[in-house]
Amino acid sequence: MVSCRIKRLDLNINNTLDLRQRHSAAIRIWHWSFFLILTASLATVGLASTLFRTRNNIASVQTQLQKKGVAVNPDQARAVAHEFNDKLWGLHTWLGYILCFFVVVRIVIEWTQPSAERLGRRLKAALTFKPSSPQERGEQQHYLLVKRSYLVFYAAIAVMALTGLVLAFENVTLFKEWRAPVKQLHAFVQYVIYGYVLLHLAGVIRADIGQFPGIVSGMINGRKSNPQ
């Protein structure tokens, strides 16, 4: 799914722009599967940090137990509340392992799919294209901006995956020394991902209801969008 006005930029013998883009089945399956796992992962962070945050539920645990005739002190209530928080972070860890797998799969797809559909090939075609008008130059620059933003996103996901692995295996002696800075980096990168996802969704919606209707369905069925 591409959040830009240009859906394909190919350099052909006529040096013209093809404003359509077709995604391979591998990319489409990866895209939607990755979207679901990433959404679930971000949801666990949101829930564990808010509704199920340990200190936010200590009083609630005490209140509910008191209604059942059981009196517990704050430390005991905290242990109960913390259990639910731990379960969410445990789920987040497993989702992180799956995201690591998807990072590897995306690299494999890039190297194995047809050359014309590789991100690197499309970037190279855009860089070597010679625009013949201000409009084409603007389209070229916008295309390059979007494709480069993909690289930033992939880099952020890779950093998130690697730092997550360090945190997941923090009992390893070497990783114990890195835990504090790695945790800070992991937390920072998540906001980069939040920002990208919001901008991506906004761009896709704008393009789908504007110049390129059908780009969302195109990411499902593989057909090219029809620029207006």
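So, how was this worked out
Residues numbered from 1 in each chain as written. Predicted model: local features only at pLDDT ≥ 70, side-chain atom pairs only at ≥ 80, totals over all residues. Heavy atoms only, no water. Salt bridge = Lys/Arg side-chain N within 4 Å of Asp/Glu carboxyl O. Helix = DSSP H or I, 4+ residues; strand = E, 2+ residues; numbered from the N terminus. Buried < 20%, exposed > 50% of the residue type's maximum accessible area, 1.4 Å probe, protein only. Phe/Tyr/Trp six-rings, centres within 6.5 Å; stacked < 30°, edge-to-face > 60°. Core = buried A, V, L, I, M, F, W, Y, C linked by side-chain atoms within 4.5 Å.

S.K.: When you look at the pattern of salt bridges in this model, what are you seeing that I'm missing?
M.R.: Opposite charge on two side chains permits them to pair, given that their charged atoms come into close proximity. Tallied over the full model, the rule gives three salt bridges. Taking the shortest distance from any N to any O, the salt bridge between K87 and E83 comes out at 3.7 Å. Here E83 and K87 lie together in helix 3 (residues 74-112), a separation of four residues that amounts to about one turn. Here K87 falls in the exposed class, since its relative accessible area comes to 52%. In this structure, E170 and R179 form a salt bridge, with 2.2 Å as the shortest nitrogen-oxygen distance.

S.K.: Looking at this structure, how should I read the packing of aromatic side chains?
M.R.: The way to describe two aromatic rings as a pair is by their centre distance and the angle between their planes. Following the criterion strictly, the structure yields 13 aromatic pairs and no others. Arranged with centres 6.1 Å apart and planes meeting at 85°, the rings of W32 and F35 form a pair that is edge-to-face. Placement of the pair is W32 and F35 together in helix 1 (residues 25-49), with a separation of three residues, close to one helical turn. Pairing F101 with F102 gives two aromatic rings, centres 6.0 Å apart and planes at 80°, and the pair type is edge-to-face. The exposed category is assigned to F101, whose relative accessible area is 54%. Look at F102 and you get buried, because its relative accessible area is 11%. An aromatic cluster is present here, built from W30, F34, F101, F102, F153, Y154 and Y196 joined pairwise through their rings.

S.K.: Hey, could you run me through the nonpolar core in this one?
M.R.: One recurring pattern in soluble globular proteins is that nonpolar side chains are buried together. In this structure, F34, L38, F153, I157 and I193 are the most contacted members of the largest nonpolar core, which totals 22 residues. Elements supplying a minimum of two residues to this core: helix 1, helix 3, helix 5 (134-168) and helix 6 (173-208). Considering every element that reaches this core, the biggest residue donor is helix 5, with seven residues. Ranked by size, the runner-up nonpolar core spans five residues in total, among them I58, V61, V72 and A77.

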